[in-house]
Amino acid sequence: MELVLDTVRKTFGGVVAVDDVSAVMPQDRVTALIGPNGAGKTTLFNAITGFDPPDRGSISFGDQRIDGLPPWRVAELGLIRTFQTPVGFTTLTVRESLLAAATPHFAETPVGALGLSRKARDHERASGDRAEEITAELGMAELLDVRTDELSAGDRKLLEFARSLMAEPKMLLLDEPAAAVAPANIGRLSQLVRRLCDERGLGSLIIDHNLSFLMQIADEVHVLDRGALLASGPPAEIAANPDVMRVYLGEDGAEGEGA
Amino acid sequence: MTNPIFWVGVLTLAAIYASLAMALNVESGWGGMWDLGIAGLLAAGSYCYVILTADPDLGMRFAPGLSMWVAWPLSALFTGLVAFAIGAPALRLRREYFLITTLAFAEIIRQLVVIQADFTRGTLGIPNINRPFDSFVTGRDYNYVLLGIAVVAAAVMYLVTRQVGISPFGRTLRAARDNEAVALALGKRVNRMRIKTFILAGVLIGATAPVYLFYIRAISPQLFAPGITFTVWTALVIGGLGSIRGGLAGAFVLIVFTEAVGLIEVDPSHINILVAIEPFLVGLLLVLVLRFRPDGLFSERSAFGAGNRAAGRSAGDSRPAGAAQGSGG
Amino acid sequence: MQNVVFGIVTGSILAVATLGFALVRQTENFLNIAHAQMMALGAFVGVVLVDTYGMNIFLAGAITVIGLGALGVVLSAVFFQPVRHQGGTVLLFTSIGLALMMYAAILALFGTQARFYPDVSGGLHRFAGIGIATNELVIIGLAFGSIAALQIFLNSTGLGRAIRAVASNDDLARVRGVPVRTVSNTIWFISSAFGAMAGVMLGVLGAVNTEIGWHNILIVLAAAVLGGLRSITGVILAGLLLGIMMDVSALFIPTAYRPVVAFGVLVAVLILRPEGILSVQRRKDAVVA
Ligand SMILES: Nc1ncnc2c1ncn2[C@@H]1O[C@H](COP(=O)(O)OP(=O)(O)OP(=O)(O)O)[C@@H](O)[C@H]1O
Ligand SMILES: [Mg+2]
């Protein structure tokens, strides 16, 4: 199964934020999406996940057209995204946030609230165990009962990632998951992303400015520049591409240091 | 003090407001829907109940004369239906637009009651509403029966809303309130869930309406002016929006306080002041609580046991079971 | 046609009231529910000055408007300034609390009896079969005069421009050294004075009772929302339109439906705007932020 973009375009007033992008991202691989600030990466995520539908072009996941679907429907199909600015469920604890992500629809009704369904209770218990596992792997086990708005920015970023794992994803869309995360935790993060892909076939599409992090885990890299796809290929090839280096070093040197 | 029957009445009223405030908390505290249309829902439930049970001799166009035990659940369901009719369009709007729309709908309902006098007797109102068990207990003693009914209603309301609050459903509601975009990104059908919550609040308010009528005894459209909405909100804000016990505690504080001050002897020539005391105190309490204790008496944080880094305790939910009966009786 | 004229009179009063309301909404960023109680207070203070103290209606009106404008400044300092940092919802609920307290004060001071301004209609003029009383002409004149004066003030004085700067972007204005305090006081003065003026006008045309505030808050909200909370011209048009619709509808349906028409129009406009008003924008904010 794959995520397929076909000449996707999105404009804001006069600004062409995404300029006829076509790409194929396998659901069971790790794909990186890089590009300088304002290249249109987040806009592309918003288009894929239904938050800000594209002006034209088509997006499909597996054999399902997903452009024009509402965000919750895209998520139901298994495309789970995270957000660049990790605000999260401010007043919920880490544990509550993770459990909320895992709660099935049938428990989310006033009648379901009565807690009569055995299935819902079993699901809740299993989710609790999974929440503890995931937070342990990300080194944030001791934060389970801390409110989201009391977490550091880095921990909130990790929570974004953990939360998306709880929602039964088929493919993850991670918007700068490593930004503000402590270096030790970036290691855990990249291991986990890689392992999920290799062992369980759960691939991801990752935006980040930390190129060393991405180059280690990505199978394929797409470079976006001013809305258009500049280059695509395996990490080594991209690292050697003079156009990519020019975009990064010439216009935004600071961002290129990671490479 | 004074006369025990007076205090029985005060506690009855407090229990009724507590029920309304707890119902409001589900949609506003946890659901994040700032509903200023409580009066409208209460009017819908009240008039539904009154019309279904009215004495055919009153000359209303539709008076099936149903038993109150049939009319009671029907009123709750009807109010849920009205909530759906309001919520489905209004929930497409956010924040203050939602608030204005619900306020406007409530006022429309009240005006419709005035205008549809064939069915509702308009501003004439309907006196002498039948009350449960009043053939067995009469006179002053009936006030104790009424207190019992109101306290049981408040206790049931407490248990129901608490269950909603601590359930996965309540958790997702709070999540979507905190961050709609993230909830959507996780596949939550936020709007559908909110409509269901709005209907639930309608059913709960509609179920409380007959108790309110037993207390008031006579119904007329003025009862459902926006004032009652503001009083319920004040109770909830005082108690703590989003906490499990907030509505309960806030209503008792507010009602006991305003009624007690009403006891102060006032010269009959200053009758105006007597009339003004209640709105003044409600307003003053609201202003003071918002200024000095914006989270209310009980905060949402205390209700859902979020520890902090230092305390690091586990998120066991607070278990205040029995508190309802305790303060209600 | 006659009803259109009534509607224009109602609409001008509504425009004045709503403009005061919208000014606070734009600059202080909350819906001031107490605004309509200021209208009620204006109607009462005016009627007391005229009826009890035998004052000339114009003098009484001027004293009421200036006095209540000043009161508005004091109330804002006492009630709203201290909770300003807590944001729009706390301010909104504080304004509900203040509205209840003002309502109580009106009940205590003026009692529950309806009161009336002495007949100041001053004769009927007829133009092509349509009648309009002198006082109605004066009301329309004063309403548009004040609105025009406000426009001129906002556009061509330093303070007025500062207010517009605050209305468009509070933080920027603060950084640029706009005297925020003075600006805020001026806004409250104008807003309350406009509310009081609308109250006196309403009183002159009808009965003065303690419920004026609660009856009008919804109509003012409706006009403010219809006009778009951020546009002065929009507010004026919405006020006029709503006034005309309410009075013209009286030809086809019982007058009892008058407020229902206002709220019905409000609800219809809110709901029929296909994208909703804030829903989409807020969603985007959350994503892009
Ligand atoms: N809602 C919006 N309205 C108007 N313009 C927008 C909107 N969202 C994004 N843009 C513009 O689209 C372009 C792409 O923005 P986008 O956020 O997608 O960039 P990005 O690649 O994610 O950058 P960064 O690395 O800084 O996150 C920018 O010029 C931005 O200003
Ligand atoms: Mg971005």
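Data block above holds the structure.
Chemist: Please provide a residue-by-residue account of the site of ligand 1, values included.
Modeler: Residues in contact with ligand 1 amount to 13 residues; listed here are only the nearest, A:N37, A:T42, A:T43, A:Q84 and A:H209. Those chains with residues close to ligand 1 are chains A and C. Contact between ligand 1 and A:T42: an oxygen atom at 2.7 Å from a side-chain N or O atom of the residue. Between A:H209 and ligand 1, the recorded distance is 2.8 Å, taken from a side-chain N or O atom to an oxygen atom. For ligand 1, whose free accessible area comes to 630 Å², the fraction covered by protein is 68%. At three residues, helix α1 (residues 41-48) of chain A tops the list of elements feeding residues into the shell around ligand 1. Its residues placed into classes, the shell around ligand 1 shows four nonpolar, seven polar and two charged.

Chemist: Provide a residue-level description of helix α1 (residues 4-30) of chain B, including the pertinent values.
Modeler: Residues spaced three or four apart along an α-helix point in a common direction, a consequence of the helix completing one turn every 3.6 residues. Residues and elements named next belong to chain B. End to end, α1 covers 37 Å across 27 residues, agreeing with the expected 39 Å (1.5 Å per residue, within 8%). The principal kink in α1, of about 35°, is found at L24. For α1, the tally of buried residues reaches 24 of 27 residues, placing the bulk of the element in the interior. G32 occupies a position one or two residues after α1 and carries a positive phi of about 70°.

Chemist: Describe in detail the sheet that holds strand β2 (residues 15-26) of chain A, supporting the description with residues and values.
Modeler: All names here are of chain A. Here four strands make up an open sheet; going across it, the order is β2-β1-β4-β5 and the pairing antiparallel. In this open sheet, the two edge strands, each paired with only one partner strand, are β2 and β5 (64-65). Where strand β1 (residues 2-12) and strand β4 (residues 56-61) come together, five bridges link them in antiparallel fashion. Considered in β4, the bridge of L3 is made with F61. Those strands touched by α1 are β1, β2 and β4, and its axis lies near 115° from that of β1.

Chemist: Any chance you could break down the coordination of the magnesium ion (ligand 2) for me, citing the residues and the numbers?
Modeler: Residues and elements named next belong to chain A. Donor atoms from the polypeptide that coordinate the magnesium ion (ligand 2) comprise T42 (OG1) and Q84 (OE1), at 1.9 to 2.1 Å from the metal. One end of the pair, T42, is in helix α1; the other, Q84, is in the loop between β6 (79-81) and α3 (94-102), and 42 residues separate them in sequence. You can call Q84 partly exposed: its relative accessible area is 31%.

Quick notes on the rules
- Residues numbered from 1 in each chain as written.
- Chains lettered and ligands numbered in written order.
- Predicted model: local features only at pLDDT ≥ 70, side-chain atom pairs only at ≥ 80, totals over all residues.
- Heavy atoms only, no water.
- Near = heavy atom within 4 Å.
- Polar contact = N/O pair within 3.5 Å; in protein donor to acceptor, adjacent residues only side chain to side chain.
- Areas by Shrake-Rupley, 256 points an atom, 1.4 Å probe, with all protein chains shown as cover.
- Helix = DSSP H or I, 4+ residues; strand = E, 2+ residues; numbered from the N terminus.
- Nonpolar A, V, L, I, M, F, W, Y, C, P; charged D, E, K, R; others polar.
- Expected span 1.5 Å × (residues − 1).
- Bend = angle between axes of the 7 residues up to and from the residue.
- Buried < 20%, exposed > 50% of the residue type's maximum accessible area, 1.4 Å probe, protein only.
- Pairing = 2+ DSSP bridges.
- Contact = heavy atoms within 4.5 Å.
- Axes fitted to C-alpha atoms, helices over the stretch in contact; angles between N-to-C directions.
- Donors = N, O, S within 2.8 Å, 3.2 Å for Na, K, Ca; no water.

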